[in-house]
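A closer look at the structure
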Amino acid sequence: MAAQIDPEKCTMCGGISRPLCVEACPDSAIRLQDDRVVVTEFLCEDCNECGCVCPDKAISVPLAKVTF
Ligand code: SF4
Ligand code: SF4
């Protein structure tokens, strides 16, 4: 599993240049694609840093794997 981003909730905070989740991810697992944020699943370590910074609560991480 990996962090799941709900495109219905995401408002692209910070604009397309610096979304908070992209800035927050220590593994560079979130990238911009077609003006949306997407998670590269094999890079994601389910740390939930992105979920913590998302102002729209658009990111969920499988709870069993949250590491802190
Ligand atoms: S859960 Fe952690 S590793 Fe995965 S996308 Fe979010 S910040 Fe990056
Ligand atoms: S932090 Fe949340 S609202 Fe901001 S770009 Fe990422 S998913 Fe969207």
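Above this text is the structure in question.
To start, this report covers the structure provided alongside it. Bear in mind the structure is a predicted one, so any value in this text is a computation, not a measurement. Here the residue index of a chain counts from 1 through its sequence in written order. By the order in which they are written, chains take letters starting at A while ligands take numbers starting at 1. Under the rules for a predicted model, residues below a pLDDT of 70 receive no local features and side-chain atom pairs below 80 are neither given nor counted, while totals for whole chains, interfaces and linings still include all residues.

A word on the nonpolar core. By definition, a nonpolar core groups buried Ala, Val, Leu, Ile, Met, Phe, Trp, Tyr and Cys residues that are joined through C-beta atoms within 7 Å. Three exposure classes are used, all based on how many other C-beta atoms lie within 10 Å of a residue's own C-beta (placed from the backbone): buried at 20 or more, exposed at 12 or fewer, and partly exposed between those limits. One finds A3, C21, I30, C50, C54 and I59 to be the most contacted residues of the largest nonpolar core, which totals 14 residues. Not counting residues up to four positions away in its chain, the partners in contact with C54 are L20, C21 and I59. This entry defines residue contacts through backbone-placed C-beta atoms, with two residues in contact when those atoms are within 7 Å.

Relative to the elements of secondary structure, G51 occurs in helix α2 (residues 49-53). For G51, a count of 19 C-beta atoms within 10 Å puts it in the partly exposed group. On a C-alpha basis, the gap between G51 and Q33 in space is 19 Å, while along the polypeptide they are 18 residues apart. G51 has contacts with A3, I59, S60 and V61, leaving out every residue within four places of it along the chain. The numbering of helices and of strands both runs from the N terminus, where a helix is a DSSP run of H or I of at least 4 residues and a strand a run of E of at least 2.

With that settled, consider the site of ligand 2. Near, as applied to residues and a molecule or strand, means the residue's backbone-placed C-beta atom lies within 6 Å of it. Around ligand 2 sit 15 residues in total, of which C10, C13, P19, C21 and C54 are the nearest. Here the residues of the shell around ligand 2 are counted per class, giving 13 nonpolar, one polar and one charged. Polar here means any residue other than Ala, Val, Leu, Ile, Met, Phe, Trp, Tyr, Cys and Pro, which are nonpolar, and Asp, Glu, Lys and Arg, which are charged; Gly is therefore polar.

Nothing here speaks to function; it is all geometry.
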